[in-house]
Amino acid sequence: MLLPRRRGPGRNPEPRDGHTGRGRHRRGAPAVRRRVKPAIMTEQPHNAEQSYDPYGGPGARAPHGEQQQTQTWDTQVWNDRSWEDRPRTQHGHSATSETARLPVQGAMPAAEPAPVAEPAGPLTAAQQARAEGRSPIIAPGIRPAALTAALAALLAVAAPFGPYAALLPVLLLQAVTAAGWYRLNGMWPARQGIALAFAGGAAADAGLLLTDRTDAPTVAVAVIGVWCLLVLVLQLRSHSSPDERLYALTAGLASTVLVVLAAGHLAATAFSPDAVVAGAAAVAVTAPARTVPLPPYVSPVVALLAATGAGIAVGGVTSLGTSGALLGLVAGGCALIGLRVASYDYPSRFVHMTAGVALPLAAAAPAVYLLGRALA
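Bear in mind that the values here come from a model prediction, so they are computed numbers and not experimental data.

### Things to note about the nonpolar core
If you look at the biggest cluster of nonpolar residues, it comprises 50 residues, and the most contacted ones within it are Leu155, Leu173, Leu208, Val223, Val276, Leu361 and Tyr369. Among the elements that take part in this core, helix H13 (residues 273–290) stands out by supplying eight residues, more than any other. With sequence-adjacent residues up to four places away left out, Leu361 is seen in contact with Leu151, Ala152, Leu155, Leu173, His265 and Val283. Listed in part, the nine residues of the second largest apolar core include Ala178, Tyr182, Ala197 and Ala251.

Structure, rendered in structure tokens:
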């Protein structure tokens, strides 16, 4: 009988991890069967755990015990999920949060527009036109036209009595022109600028009264030159920003020039008082005729025809004769230009009552002087 061969003290005759040796035992040995059976029995749960996909892939199936645990939120399975399955809160947003933030069409009602604050009082004509987006050109109404006609009539009545009688209407015209031009440019109260411009007009009037009538252009140019320097000094003393000072400088220079040119009525009185009467009558008729509600291209034509008729009427009763028609037509055209300027950029009622009153008569002064001197 053969005995099994003994092994050394450092060798283990039993297989490791449930695996058999290299055929050293006999096939019918019971120890081998006991070691092999646990190895075979433990392969099935090992394979089952490998077939379970924790990421929920297609064909994955979890064990029955884990299916019951994943049905609730308080299980250990949720805490053991990888960072890819958890919602991102610091560096990104998960697909669920991004989808929840997207607006659903038809689910949420449309946002209502914010209520517009109603003004405390009624809107003016300029504010209403600006709110409705209409044209910035707003012509003066019947009241400024009536005041223009009254001022022109006062000048026409005083002109036949000489330059000193016409001085009061001319001074009133110059004061309203200075205030209206500054207000038209959005500068108010501008007391220093208005006072300086009116002082320039008064200096021109004094120069015209104290010099010979042929020196009227020289007086006007000299006064404008001196007052330009005064306006420049006034703006150099201002502490406003450079842009504001430049804007005030241009407004002051323009106002000074207009006020001095308005003295042309006074200078024309020395040559031909009838020319002043015809020009003032033409302006007095043009301003109200322009307010007649007619189509935009018809109203100026009607106003010019009315001015020409006024010139013809005045020329018929004076020494002008048929020349009154030309003088009335030119004076009426200058008055329309003044009305157009006073209507620009959403003017307020105060602009209409100052610039809308004075600019038609002031713009006609140079034409009245030149035609009156030529026709004399």
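### A few points about helix H8 (residues 163–184)
For H8, spanning 22 residues, the distance from its first C-alpha to its last is 30 Å, which sits close to the expected 32 Å at 1.5 Å a residue. By the largest-angle criterion, Pro169 marks the main kink of H8, which is about 30°. For H8, the full list of buried residues reads Ala166, Pro169, Val170, Leu173, Gln174, Thr177, Ala178, Ala179, Gly180, Trp181, Tyr182 and Leu184. Looking at the buried side of H8, the elements it contacts are helix H7 (142–158), helix H9 (191–210), helix H11 (242–261), helix H12 (264–271), helix H15 (323–342) and helix H16 (349–363). The first or second residue beyond H8 is Gly186, which carries a positive phi of 75°.

### Remarks on the environment of Leu339
As for its position among the elements, Leu339 is in helix H15. Considered as a pair, Leu339 and Gly356 are 17 residues apart in the sequence and their alpha carbons are 6.1 Å apart. Leaving out residues up to four positions away in the same chain, Leu339 has contacts with Pro140, Ala287, Arg290, Gly356 and Pro360.

### Quick look at the packing of aromatic side chains
Geometrically, a pair of aromatic rings is defined through the distance of the ring centres and the angle of the planes. Enumeration over the complete set of coordinates arrives at one aromatic pair. Ring centres of Phe271 and Tyr369 lie 5.9 Å apart, and the angle between their planes is 75°; on these two criteria the pair is classed as edge-to-face. On the criterion of sequence distance, the pair formed by Phe271 in helix H12 and Tyr369 in helix H17 (residues 365–375) is long-range, its members being 98 residues apart. As far as the burial class goes, Phe271 and Tyr369 line up, both buried.

### A word on the confidence of the model for the protein
For the protein, per-residue confidence averages 78 on the pLDDT scale, and residues scoring 70 or more make up 67% of the total. Low confidence marks residues 10–85, where pLDDT is under 50. Its contacts with residues over four positions away, or in another chain, come to 33 contacts. The low-confidence segment residues 89–97 (pLDDT under 50) makes five contacts with residues lying over four places distant or belonging to another chain.

Definitions and limits used
Residues numbered from 1 in each chain as written. Predicted model: local features only at pLDDT ≥ 70, side-chain atom pairs only at ≥ 80, totals over all residues. Heavy atoms only, no water. Core = buried A, V, L, I, M, F, W, Y, C linked by side-chain atoms within 4.5 Å. Buried < 20%, exposed > 50% of the residue type's maximum accessible area, 1.4 Å probe, protein only. Helix = DSSP H or I, 4+ residues; strand = E, 2+ residues; numbered from the N terminus. Contact = heavy atoms within 4.5 Å. Expected span 1.5 Å × (residues − 1). Bend = angle between axes of the 7 residues up to and from the residue. Phe/Tyr/Trp six-rings, centres within 6.5 Å; stacked < 30°, edge-to-face > 60°. pLDDT = per-residue confidence, 0-100.

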